[in-house]
Amino acid sequence: MKKYLLLILFLLILASIKYFYKFDQRETFEYDQEYLAQQAKLILVDKKLTLIGAPTSNGGMFIGPFYNYFMASAFWLGKMSPYTIGFVNNSWAVITLVMIFFVAKKLNGVLAAAFSFFLALLSFQF
């Protein structure tokens, strides 16, 4: 049990370094972030709830509103900071990397799990 705790901690540290190193310099605020900030303002400040989520690139199609409400709660916790979106996204990425390790370990063993984790960790596209 203690061995797995140390392993999880080590993986979390490596993934956190990748995603949070120079976080404030790498974080951008573009259209998607502007949309989520606007939706959070509508939900939290204006109290206007919606049943339609973000528009897709397909045109005329929308995702569900859950992500807007999730990000609104994150904005509420982050006191409407524009860095909130990047922090949430990077946190999901760290958790995803650790989960890649454990799923690969369950499916193929520790060696494949370590390879999968480091492949995803060092990937520029991930």
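On a predicted model such as this, the values are computed, not experimentally measured, just so you know. (Residues numbered from 1 in each chain as written. Predicted model: local features only at pLDDT ≥ 70, side-chain atom pairs only at ≥ 80, totals over all residues. Heavy atoms only, no water.)

This paragraph deals with the pattern of salt bridges. Taken as a whole and judged by the stated rule, the model has one salt bridge. Between K41 and D46 there is a salt bridge whose closest N-O contact spans 2.8 Å. Judged by its relative accessible area of 39%, K41 falls in the partly exposed class. A relative accessible area of 31% means that D46 is categorised as partly exposed. (Salt bridge = Lys/Arg side-chain N within 4 Å of Asp/Glu carboxyl O. Buried < 20%, exposed > 50% of the residue type's maximum accessible area, 1.4 Å probe, protein only.)

Turning our eyes to something else, we now look at unusual backbone geometry. For K47, which is not a glycine, the phi torsion comes out positive at approximately 60 degrees. One non-glycine residue, M80, lies in positive phi territory at about 60 degrees. Its place among the elements puts M80 in the loop between α4 (66-77) and α5 (83-108). Under the relative-accessibility criterion, M80 is labelled partly exposed at 36%. (Helix = DSSP H or I, 4+ residues; strand = E, 2+ residues; numbered from the N terminus.)

Moving on to the confidence of the model for the chain. Here the chain shows a mean pLDDT of 88. Residues at 70 or above account for 99%. Element-level pLDDT for the chain is lowest in helix α2 (residues 23-26), with a mean of 83, against a maximum mean of 93 in α4. (pLDDT = per-residue confidence, 0-100.)

The next thing to look at is helix α6 (residues 110-122). Across its 13 residues, α6 extends 18 Å between first and last C-alpha, which sits within 8% of the 18 Å expected from 1.5 Å per residue. Here α6 has its buried residues at A113, F117, A120 and L121. Angularly, the buried residues of α6 cover 105 degrees about the axis, an arc narrow enough to put them on a single face. Of the exposed residues in α6, the ones pointing more than 90 degrees away from its buried face are L111, F115, L119 and L122. On its buried face, α6 is in contact with α1 (2-20) and α5. (Expected span 1.5 Å × (residues − 1). Arc of directions from axis to C-beta. Contact = heavy atoms within 4.5 Å.)

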